[in-house]
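Architecture at a glance
As a plain string of letters, each chain reads:
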Amino acid sequence: MSLVDILIALVPAFGLGFQVISMQLIGGKYTNKVMGMAIVTLVVGIAVYFIKQPLLTPALWIGSALSGIGFCIGIILQVKSFSLVGVTMTMPISVGEQLVGTALVGAICFHEWTSVNQWLLGIGALILIVGGIAMTAYHEKSEQGSNVKKGMLYLLISSLGFVAYASFPTAFKLSGWDVVFPQAVAIFVAMVILCAFEKNNQMFGIKTWQNMATGACFAIANLGIIFSNQINGVAVGYTISQLNVIISTLGGLWILHESKTPKETKFTIAGVILVVAGGIMIGITK
C-alpha cells in the first residue's frame, strides 16, 4: 500500500470518530443531532446521483430503504446512549457489537467464511471482541447502574440496526455508489418520521443546522469507505475504518472530559485494544 492508499483508508476512521465528538460538542437534543446528519446525507446523496446517475431499480430502492431505516434506528439509539453511559462506554461496545453482528451475518448468511482457518480466526476474533466489550462496560459507580442497563439495551437494539444498515446492500447485491442516493432519501424520510414522535422535537431548530457539521463528518466517512474499498479492497478498508473507536473513545476522555475512575479508564483502554484487535482479525478473514 502506498502512503496515499493508507491515508484514504484512514478517512472513514477519522470521519466516524470525529462525527461523535462533533455532535457532543455542538450539543442539542438527540433529534437535532440525527437530523443534522440526515440533512447533509440527503444533500450529498442528491449530488452523487447527478454524478453517477444509477439505474433506480425496485431492488435498489428496497435494499437501500431497509438499510437506511436500519441506520436511523441505530444512530438514534446510539446517540441516546451517549447521555446515559457516555461516549467512552458507548462507542467500544457499539463498534464491538456491530463487528460481531456483521461477522456472523457474513459468515452464516453470505458464506464469507468457507475454510477452517477463516472460522478459527473469526471465532477467535469474536471472543476478543466480546472480552473487550465486557471490559469497556466495567464501572465502579453503583449509582449509575440503572443508566448502564438502559444504555446496554439501547446499544443492543442500535447495533442490530447498524448490522441491518451494513447487510441489506449485500443481501440485495447492490454496489456502493448506486446505494448512496436512495439510501440517503430513506434516511432522511425515516429520520423525520421517527423524530416526529418526540415531544418538542425541534428537529429543524438552530442546533440541527449546527449539527450539519456532524453530518459532514458522516458524509466524508461514508464516501471515504466506498473509495477505500475500491482502492484497498474490503478487507483493508473495513478493518482500518474500525479504528474510529480509538478516536471517539480517546476523544470522549480527553476532549469531552468524561468522568471515569482510574480503574475504569484502564479497563476502557484495554477493552478498546481488544475490540480493535478483533476487528483486524475479522478483516483478515474477508
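None of these values were measured; they are calculated from a predicted model. All residue numbers here refer to positions counted from 1 along the written sequence of the relevant chain. Restriction of local features to residues with pLDDT of at least 70 applies here, the model being predicted, together with a cutoff of 80 or more for giving and counting side-chain atom pairs; totals for whole chains, interfaces and linings are based on all residues. Just so you know, side-chain values use all the structure's heavy atoms and leave hydrogens and water out.

Focus on the layout of surface pockets
- Here a cavity is any set of points on a 1 Å grid over the protein atoms alone where a 1.4 Å probe fits but cannot get out, and a pocket is any open set with protein on both sides within 12 Å along at least 5 of 7 lines; a residue lines the site when it has an atom within 4 Å of a point. Grid points are joined across faces, edges and corners, and a volume is the space filled by probe spheres set on the points. The volume enclosed by the largest pocket comes to roughly 1300 Å³.
- Of all the secondary-structure elements, those providing two or more residues to the lining of the largest pocket are helix H1 (3-26), helix H3 (58-85), helix H4 (87-108), helix H6 (145-171), helix H7 (176-196), helix H9 (212-232) and helix H10 (234-241).
- Residue composition of the lining of the largest pocket, by class: 25 nonpolar, 16 polar and 2 charged. Note on conventions: DSSP H or I runs of at least 4 residues are helices, E runs of at least 2 residues are strands, and numbering of each starts at the N terminus. The nonpolar class holds Ala, Val, Leu, Ile, Met, Phe, Trp, Tyr, Cys and Pro. Asp, Glu, Lys and Arg form the charged class, and all remaining residues, Gly among them, are polar.

Some remarks on helix H5 (residues 116-136)
- By this rule the span expected of a helix is its residue count minus one, scaled by 1.5 Å. Look at H5: 30 Å from first C-alpha to last across 21 residues, which is about the 30 Å you get at 1.5 Å a residue.
- Three labels apply to residues, based on accessible area from a 1.4 Å probe with only protein chains included: buried if under 20% of the type maximum, exposed if over 50%, partly exposed otherwise in between. Turning to H5, its buried residues number three or more, namely Gln-118, Gly-122, Ala-125, Leu-126, Ile-129, Gly-132, Ile-133 and Thr-136. Looking straight down H5, one finds that the buried residues subtend no more than 125 degrees of arc, so they occupy a single side. Those residues of H5 that are exposed and aimed more than 90 degrees away from the buried face are Val-116, Asn-117, Leu-120, Ile-127 and Ala-134.
- Only heavy atoms enter the contact rule, under which two residues are in contact if any of them lie within 4.5 Å. Where H5 is buried, its residues meet H4 and helix H12 (262-285). It is the directions from the helix axis to the C-beta atoms that the arc portrays.

As for H4
- Taking 1.5 Å per residue, 22 residues should reach 32 Å; H4 reaches 31 Å between its end C-alpha atoms and fits that length.
- Counting buried positions over the 22 residues of H4 gives 18, a clear majority of the element.

Quick word on the packing of aromatic side chains
- A pair of aromatic rings is counted whenever rings of Phe, Tyr or Trp (Trp by its six-membered ring) have centres within 6.5 Å, and the orientation is called stacked for planes under 30 degrees apart, edge-to-face for over 60 and tilted otherwise. Under the definition given, this model contains 12 aromatic pairs.
- Taken together, a centroid distance of 4.8 Å and an interplanar angle of 40 degrees make the contact between Tyr-49 and Phe-181 tilted. Taken together, the positions of Tyr-49 in helix H2 (residues 30-52) and Phe-181 in helix H7 put the pair 132 residues apart, joining distant regions of the chain.
- Residue classification places Tyr-49 among the partly exposed residues on the basis of a relative accessible area of 26%.
- Owing to a relative accessible area of 14%, Phe-181 belongs among the buried residues under this scheme.
- Following the ring pairs from residue to residue traces out a cluster consisting of Tyr-49, Phe-50, Trp-61 and Phe-181.
- One Lys or Arg, Lys-52, reaches over the ring of Trp-177 and ends 4.9 Å from the middle of that ring.
- Note on geometry: a ring has a charge over it if NZ (lysine) or CZ (arginine) is within 6 Å of the ring centre and within 35 degrees of the ring normal. Across from the ring centre of Tyr-30, 4.7 Å away, lies the NZ or CZ of Lys-80, which sits over that ring.

Description of the packing of H5 against H12
- For helices, the axis comes from a line fit to the C-alpha atoms of the stretch in contact; other axes are also lines fit to C-alpha atoms, and the angle between any two N-to-C directions lies between 0 and 180 degrees. Contact geometry for H5 and H12: axes closest at 7 Å, N-to-C directions at 160 degrees. Relative to H12, the element H5 lies roughly antiparallel. The two elements H5 and H12 cross, and the hand of that crossing is left-handed. Angle categories: roughly parallel below 35 degrees, roughly antiparallel above 145, roughly perpendicular from 65 to 115, and oblique for all the rest. Two helices crossing with the near one rotated counterclockwise from the far one by less than a right angle form a left-handed crossing, whereas a clockwise rotation gives a right-handed crossing.

Re the pattern of salt bridges
- For this analysis, a salt bridge means a side-chain nitrogen from Lys or Arg found within 4 Å of a carboxyl oxygen belonging to Asp or Glu. For the structure shown, the criterion picks out 1 salt bridge.
- One salt bridge connects Glu-198 with Lys-29, and the closest N-O pair in it is separated by 3.9 Å. Note that Glu-198 is positioned in the loop between H7 and helix H8 (206-210) and Lys-29 in the loop between H1 and H2, a separation of 169 residues in sequence.
- Its relative accessible area of 25% is what places Lys-29 among the partly exposed residues.

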